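As a plain string of letters, each chain reads:
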There are 2 protein chains.
Amino acid sequence: MLTTKDTQTIQKTAIGLGDAWNANDMDAYASYLTEDCDWVNIVGMHWCGKAAVMKAHTVYLSTMFLGVQQEILESEISEIASDVALVVLTIRMGEFTTPDGRLEKDMQDRMTFVMVKQPNERWLIRAAHNTTIHLLAAKHDPTK
Amino acid sequence: MLTTKDTQTIQKTAIGLGDAWNANDMDAYASYLTEDCDWVNIVGMHWCGKAAVMKAHTVYLSTMFLGVQQEILESEISEIASDVALVVLTIRMGEFTTPDGRLEKDMQDRMTFVMVKQPNERWLIRAAHNTTIHLLAAKHDPTK
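Computed from a prediction, not measured in an experiment: that's the story for all the values here.

Side note on the pattern of salt bridges
Pairing is possible between side chains of opposite charge, provided their charged atoms come close.
All names here are of chain A.
Argument step 1. Applying the stated criterion to the full structure yields 20 salt bridges over all chains.
Argument step 2. A salt bridge links Glu35 to Lys50, with the shortest nitrogen-to-oxygen separation between them at 3.4 Å. One end of the pair, Glu35, is in strand 1 (residues 33-40); the other, Lys50, is in helix 3 (residues 50-61), with 15 residues separating them in the sequence.
Argument step 3. Classification of Glu35 as exposed rests on a relative accessible area of 62%.
Argument step 4. Residue Lys50 is classed as buried on the basis of its relative accessible area, which comes to 17%.

Written out as structure tokens, the structure reads:
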């Protein structure tokens, strides 16, 4: 069972990562990832290990995402196993231009984090997977 | 550490789910999911619990994905914790038409599964997150 403290620490990691993005602080960003972190981005690229994840983020945050702010709109936390949690976030992205020249306004992303509790009680991101929300399709969700 | 048997059983779950999709066998499909399964699909819809995940799949497999076959091109398995594994798949989708009328040919998806080992030694899907691979963007992956 996740304790209240676990839930708070998990939220702190999610918020801390977003703050590090917004501050363009790559050292802070890296501090929330496990060494063996996997990451799948919104166009389906798969990066294995913190070094690759940070290389990609450093490139994108100095180009396409330079100065682009993000905001967490919703977070849902659940337990997967002892010391492993699933966090599903809805994130609003500030305006940016894609490499193929499209202006993205009001983009929202659905992000899954798998977080693992560390011996020092911190929760770090072991896996991340991100997908752009198709806001029109969302109105036709068959479960709603 | 994942044993050879664990890895084989994990692969069996991934392949079994794909086979159930291809056979349009919804009972078999459901048998690979935990009761508390989370699922994020390629347009960012988030379904919580096996009942919601199956409702959505049953609707889409009787409409948009009726008769559409999928094939696993690659799978990467790693351990997250004792009895918890991460599986990142590359899946080729057969031709289909989206609800807004676009013909999707040669689509590839990147799928993350979080699988959890059960008391009976089976590995079931606790969380899934899927993203369409932007094949042109993939050529510009900053880590490659």
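Comments concerning the relation of the copies chain A and chain B
Both copies of the chain are related by one operation, a rotation about an axis with a shift along it.
Argument step 1. The two copies are related by a screw motion: chain A maps onto chain B through a turn of 180° and a shift of 0.0 Å along the axis, at an RMSD of 0.0 Å. On this basis, the relationship between the two copies can be described by a two-fold rotation axis. When C-alpha positions in chain A are compared against the rotation axis, the closest is assigned to A:Thr131, at 2.8 Å.
Argument step 2. Comparing contact sets, 100% of the residues at the interface of chain A also lie at the interface in chain B, consistent with an isologous, same-surface contact.

Things to note about the layout of surface pockets
One simple way to see leftover space: roll a probe sized like a water molecule over the atoms.
Argument step 1. Here the second largest pocket defines a volume of roughly 180 Å³.
Argument step 2. A:Arg110, A:Asp141, A:Lys144, B:Gly44 and B:His46 are, among the 14 residues lining the second largest pocket, the residues nearest its centre.
Argument step 3. Elements that contribute at least two residues to the lining of the second largest pocket include exactly strand 7 (108-117) and helix 4 (135-138) of chain A together with strand 2 (46-48) of chain B.
Argument step 4. Across the lining of the second largest pocket, the residue classes break down as six nonpolar, four polar and four charged.

A short note on the side chain of B:Thr98
Residue and element names in this part refer to chain B.
Argument step 1. Turning to its location among the elements, Thr98 is positioned in the loop between strand 5 (96-97) and strand 6 (103-104).
Argument step 2. Under the relative-accessibility criterion, Thr98 is labelled buried at 10%.
Argument step 3. Excluding anything up to four places from it in sequence, Thr98 contacts Met64 and Glu104.

Comments concerning empty space enclosed by the protein
Argument step 1. If you walk through the whole model with that rule in mind, you get one cavity of 30 Å³ or more.
Argument step 2. By volume, the largest cavity amounts to about 50 Å³.
Argument step 3. Lining the largest cavity are A:Thr112, A:Val114, A:Ala127, A:Ala128, A:His129, B:Thr112, B:Val114, B:Ala127, B:Ala128 and B:His129.
Argument step 4. Listing elements by their share of the lining of the largest cavity, those giving two or more residues are strand 7 and strand 8 (123-132) of chain A together with strand 7 (108-117) and strand 8 (123-132) of chain B.
Argument step 5. Split by residue class, the lining of the largest cavity holds six nonpolar, four polar and no charged.

A closer look at the pairing of strand 1 of chain A
Residues and elements named next belong to chain A.
Argument step 1. Burial analysis of strand 1 places six of its eight residues in the buried class, which makes it a mostly covered element.
Argument step 2. Here four bridges tie strand 1 to strand 8, and the two strands are oriented parallel to one another. Within strand 8, the position partnered with Asp38 by the bridge is Ala127.
Argument step 3. As defined by bridge partners, strand 1 adjoins strand 2 (residues 46-48) across three bridges and the pair is classed as antiparallel. Bridging from a neighbouring strand, Asp38 pairs with Cys48 of strand 2.
Argument step 4. Two successive antiparallel strands, strand 1 and strand 2, enclose a turn made up of five residues, where Gly44 displays a positive phi of approximately 85°.

Criteria and thresholds
Residues numbered from 1 in each chain as written. Chains lettered and ligands numbered in written order. Predicted model: local features only at pLDDT ≥ 70, side-chain atom pairs only at ≥ 80, totals over all residues. Heavy atoms only, no water. Salt bridge = Lys/Arg side-chain N within 4 Å of Asp/Glu carboxyl O. Helix = DSSP H or I, 4+ residues; strand = E, 2+ residues; numbered from the N terminus. Buried < 20%, exposed > 50% of the residue type's maximum accessible area, 1.4 Å probe, protein only. Least-squares fit on C-alpha atoms with pLDDT ≥ 70 in both. Contact = heavy atoms within 4.5 Å. 1 Å grid on protein atoms, 1.4 Å probe; cavity = no way out; pocket = protein on both sides within 12 Å on 5 of 7 lines; lining within 4 Å. Points joined across faces, edges and corners; volume = space filled by probe spheres on them. Nonpolar A, V, L, I, M, F, W, Y, C, P; charged D, E, K, R; others polar. Pairing = 2+ DSSP bridges.

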